[in-house]
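So the chains spell out like this:
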Amino acid sequence: MATVAPSASAFDFTPQQTGEINVGLGCIDPNACIDPGSIFESIVSLEDSTTGSRSRLFVDYFGAGDEVQKYKQDDKTKVKFLTRDAGTTSDGYWFRPSEYNADGSNEEQGQLEVGTYQFNFAQELEELTIDFFDTERDGETGVLAINGQSITPNYVPKGKDGNIASQTFTNVNSIVIKFGWDKPNGTGDGVDFQLSGKPAPSVPEPATLLGFLAIAGGSLVLKRQVA
């Protein structure tokens, strides 16, 4: 589980479409609910230490051709992502946390990108890389637990406006990550992210392996008889 250089053969786990992912809160607009992909067994929103509540999770597109994304409930806009966010934006599709209070209210029309999530993977990952976008505070954004075990928080250091910081871990089945920071009175630091990785090589089932060895053994005997 050490930090290593990411593999060149890593796959992008970020969905290539905009929408909301159900992280245990349902979706604001069921028609805009998207599947995060088969690599995930589940993504669960946990209570964030700076908001005191769970957060929603979206996928948003940054860059040329971006459009305003509105998520409505009962004809009322609950979350609105602008073509150019209040903060700095990058290119491509990014997971986008959305601060969401227990009473259904939020800040910045849902544009305050703060949340804590547990990602459970459908299979072990040989490598998992997290790209954190626009982290501007120390000691707030980073990994809190791996494979069900809490770790000393591996926080991402703050950087310049629009920075991208990356961390790569090995042998990951599940991971808990905190993103951003919510100021008690007013807005805080929002952080978007991307995930990519490399699934661990599949191991033959014991019965399959025994069958293979039996076939191999029979071949060896046959060759000896012929010789």
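What counts and what doesn't
- Residues numbered from 1 in each chain as written.
- Predicted model: local features only at pLDDT ≥ 70, side-chain atom pairs only at ≥ 80, totals over all residues.
- Heavy atoms only, no water.
- Salt bridge = Lys/Arg side-chain N within 4 Å of Asp/Glu carboxyl O.
- Helix = DSSP H or I, 4+ residues; strand = E, 2+ residues; numbered from the N terminus.
- Buried < 20%, exposed > 50% of the residue type's maximum accessible area, 1.4 Å probe, protein only.
- Disulfide = S-S within 2.5 Å.
- Phe/Tyr/Trp six-rings, centres within 6.5 Å; stacked < 30°, edge-to-face > 60°.
- Pairing = 2+ DSSP bridges.

### Thoughts on the pattern of salt bridges
- Inspection of every chain in the model, using the stated rule, returns six salt bridges.
- The partner of Arg56 in a salt bridge is Glu20, with the nearest N and O atoms 2.7 Å apart. A residue pair is termed long-range when its members are at least 10 positions apart, and Arg56 in strand E4 (residues 56–62) and Glu20 in strand E2 (residues 19–21) qualify at 36 residues.
- You can call Arg56 buried: its relative accessible area is 5%.
- Judged by its relative accessible area of 1%, Glu20 falls in the buried class.
- Across the pair Arg137 and Glu140 runs a salt bridge, and its minimum N-O distance is 3.3 Å.
- Under the relative-accessibility criterion, Glu140 is labelled buried at 14%.
- Residues participating in the shared-partner salt-bridge network are Asp60, Arg96 and Glu113.

### Re the environment of Asn31
- Within the secondary structure, Asn31 is located in the loop between E2 and strand E3 (40–46).
- Residue class for Asn31 comes out exposed when judged on its relative accessible area of 76%.

### Comments concerning the state of the cysteines
- In this structure the tally under the stated criterion is one disulfide.
- The partner cysteine of Cys27 in its disulfide is Cys33, sulfur to sulfur 1.9 Å. In this structure the cystine formed by Cys27 and Cys33 twists about its S-S bond by roughly 40°; its chirality is therefore right-handed.

### Regarding the environment of Cys27
- Relative to the helices and strands, Cys27 resides in the loop between E2 and E3.
- Overall, the relative accessible area of 14% leaves Cys27 in the buried class.
- As for Cys27 and Arg56, which are separated by 29 residues in sequence, their C-alpha atoms are 8.3 Å apart.

### Describing the packing of aromatic side chains
- Under the counting rule described, the total for this entry stands at 16 aromatic pairs.
- Ring geometry for Phe58 against Tyr71: centres 4.7 Å apart, planes inclined by 50°, an arrangement best described as tilted. Taken as a pair, Phe58 in strand E4 and Tyr71 in strand E5 (residues 69–73) lie far apart in primary sequence, 13 residues in all.
- With a relative accessible area of 2%, Tyr71 lands in the buried category.
- A ring pair is formed by Trp94 and Phe133, whose centres lie 5.3 Å apart and whose planes are at 45°; its orientation type is tilted. Here Trp94, found in strand E7 (residues 92–98), pairs with Phe133, found in strand E8 (residues 115–133); they are 39 residues apart in sequence, far enough to count as distant.
- The class of Trp94 is buried, set by a relative accessible area of 2%.
- Judged by relative accessible area, which is 2%, Phe133 ranks as buried.

### What to know about the pairing of strand E9 (residues 142–146)
- The element E9 is largely enclosed, with a buried count of four among its five residues.
- For E9 and strand E10 (residues 149–155), the ladder comprises four bridges, and the chain directions are antiparallel. By the bridge assignment for E10, Gly142 is matched with Tyr155.
- Across four bridges, the pairing between E9 and strand E11 (residues 164–179) is antiparallel. Across the sheet, the residue bridging to Ala145 is Val176, located in E11.

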